[in-house]
Amino acid sequence: SQTIHQWPATLVQPVGSPLSLECTVEGTSNPNLYWYRQAAGRGLQLLFYSVGIGQISSEVPQNLSASRPQDRQFILSSKKLLLSDSGFYLCAWSRRNEQFFGPGTRLTVL
Amino acid sequence: EDKVVQSPLSLVVHEGDTVTLNCSYEVTNFRSLLWYKQEKKAPTFLFMLTSSGIEKKSGRLSSILDKKEPFSILNITATQTGDSAIYLCAVNPMNRDDKIIFGKGTRLHILP
């Protein structure tokens, strides 16, 4: 069966510090992968998606970047965090018509 | 531009009440509509709807799709405090990358 992992689960970082969030998927090959951000209690905003290694599409201009160094690994990064980067970050993979989410990382930027 | 609109944004009811959550959408090419429940962590999948008029049911939850209007509703009968969550509606248009468009969610709070 397929499993999606994210770490860390919780992160508190100062403004201006770098960020690296990791997502890995097990049990499937060549998945479409997605990064979402969710502001407190609201809907999901698609940040990046990837259809293959090294292929990244950005949905909104922002302070973040994404990379896919391996088929089942998706990384969300920032060189310098802003206060507005705080939120709940979710990684997802898709199969046919459904998306399956990882457990999420709650990021607080102080 | 494709979009998904959910209403209400927030709802507070008493345990035992029945609630109806609404989701309307505009997409160029519709493939499916998805409902998710999100408690404190990641959203969990509830239903996928592709055809009009066919009700999907799981325990006290049910959902139906009307592709003509277009909209979907999610019903929860005999609500319990454990139903408190954000309910997300999402539409999967026919696109190569499986990008799904989410609504902003309905925050449901059930009072004991």
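Quick note: structure is the one above.
Residues numbered from 1 in each chain as written. Chains lettered and ligands numbered in written order. Predicted model: local features only at pLDDT ≥ 70, side-chain atom pairs only at ≥ 80, totals over all residues. Heavy atoms only, no water.

Novice: Outline the interface of chain B and chain A, listing residues and values.
Specialist: Listed as interface residues are 26 residues of chain B and, on the opposing side, 24 residues of chain A. Around 1,900 Å² of area is buried between chain B and chain A when both sides are counted, 50% of it from carbon and sulfur atoms. The interface formed by chain B and chain A includes one salt bridge. Across the contact surface, chain B and chain A share three residue pairs in polar contact (both at pLDDT 80 or more). No other element matches the five residues that strand S4 (residues 30-38) of chain B contributes to the side of chain B that touches chain A. Classifying every residue of the side of chain B that touches chain A by side-chain character gives eleven nonpolar, six polar and nine charged. (Contact = heavy atoms within 4.5 Å. Buried area = accessible area lost by both parts, 1.4 Å probe. Salt bridge = Lys/Arg side-chain N within 4 Å of Asp/Glu carboxyl O. Polar contact = N/O pair within 3.5 Å; in protein donor to acceptor, adjacent residues only side chain to side chain. Helix = DSSP H or I, 4+ residues; strand = E, 2+ residues; numbered from the N terminus. Nonpolar A, V, L, I, M, F, W, Y, C, P; charged D, E, K, R; others polar.)

Novice: So what about the state of the cysteines? Which residues, and what values?
Specialist: Applying the stated criterion across every chain, the model contains two disulfides over all chains. Two residues, Cys 23 of chain A and Cys 91 of chain A, share a disulfide whose sulfurs are 1.9 Å apart. Between Cys 23 of chain A and Cys 91 of chain A the sulfur-sulfur dihedral comes to about -70°; the bridge is accordingly left-handed. In this pair, Cys 23 of chain A is assigned in strand S3 (residues 19-26) and Cys 91 of chain A in strand S9 (residues 87-95), connecting sequence segments 68 residues apart. Cys 91 of chain A matches Cys 23 of chain A in its accessibility class, with the two residues each being buried. The disulfide partner of Cys 23 of chain B is Cys 89 of chain B, and the gap between their sulfur atoms is 1.9 Å. On the sign convention where negative is left-handed, the bridge of Cys 23 of chain B and Cys 89 of chain B, at about -70° about the S-S bond, is left-handed. (Disulfide = S-S within 2.5 Å. Buried < 20%, exposed > 50% of the residue type's maximum accessible area, 1.4 Å probe, protein only.)

Novice: Could you give an account of the layout of surface pockets, with specific residues and numbers?
Specialist: Quantified by volume, the largest pocket comes out at close to 630 Å³. Along the walls of the largest pocket sit 26 residues, with Leu 44, Gln 45 and Leu 46 of chain A together with Ile 101 and Phe 102 of chain B positioned nearest its centre. At the level of elements, strand S4 (32-38) and strand S5 (44-52) of chain A together with strand S1 (3-7) and strand S10 (101-102) of chain B are the ones that each hand at least two residues to the lining of the largest pocket. By residue class, the composition of the lining of the largest pocket is twelve nonpolar, six polar and eight charged. When its volume is computed, the second largest pocket comes out at roughly 290 Å³. (1 Å grid on protein atoms, 1.4 Å probe; cavity = no way out; pocket = protein on both sides within 12 Å on 5 of 7 lines; lining within 4 Å. Points joined across faces, edges and corners; volume = space filled by probe spheres on them.)

Novice: Tell me about the sheet that holds S3 of chain A, and name the residues and values.
Specialist: Residue and element names in this part refer to chain A. Read from one edge of the open sheet, four strands run S1-S3-S8-S7, paired in antiparallel fashion. Both outer strands of the open sheet, strand S1 (3-7) and strand S7 (65-70), are each paired with one neighbouring strand and no more. With direction set aside, neighbouring strand axes in the sheet form an average angle of 20°. The pairing of S3 with strand S8 (residues 73-78) spans six bridges and is classified as antiparallel. Paired with Thr 24 across the two strands is Gln 73, which belongs to S8. (Pairing = 2+ DSSP bridges. Axes fitted to C-alpha atoms, helices over the stretch in contact; angles between N-to-C directions.)

Novice: Got a sec to walk through the side chain of Ser 94 of chain A? Specific residues and values, please.
Specialist: Within the secondary structure layout, Ser 94 of chain A lies in strand S9. Classification of Ser 94 of chain A by relative accessible area gives buried; the value is 8%. Of note is the side chain of Ser 94 of chain A, whose polar atom sits 3.2 Å from the side chain of Tyr 34 of chain A. Residues in contact with Ser 94 of chain A, not counting those within four places in the same chain, are Asn 32, Tyr 34 and Gln 99 of chain A together with Asp 98 of chain B.

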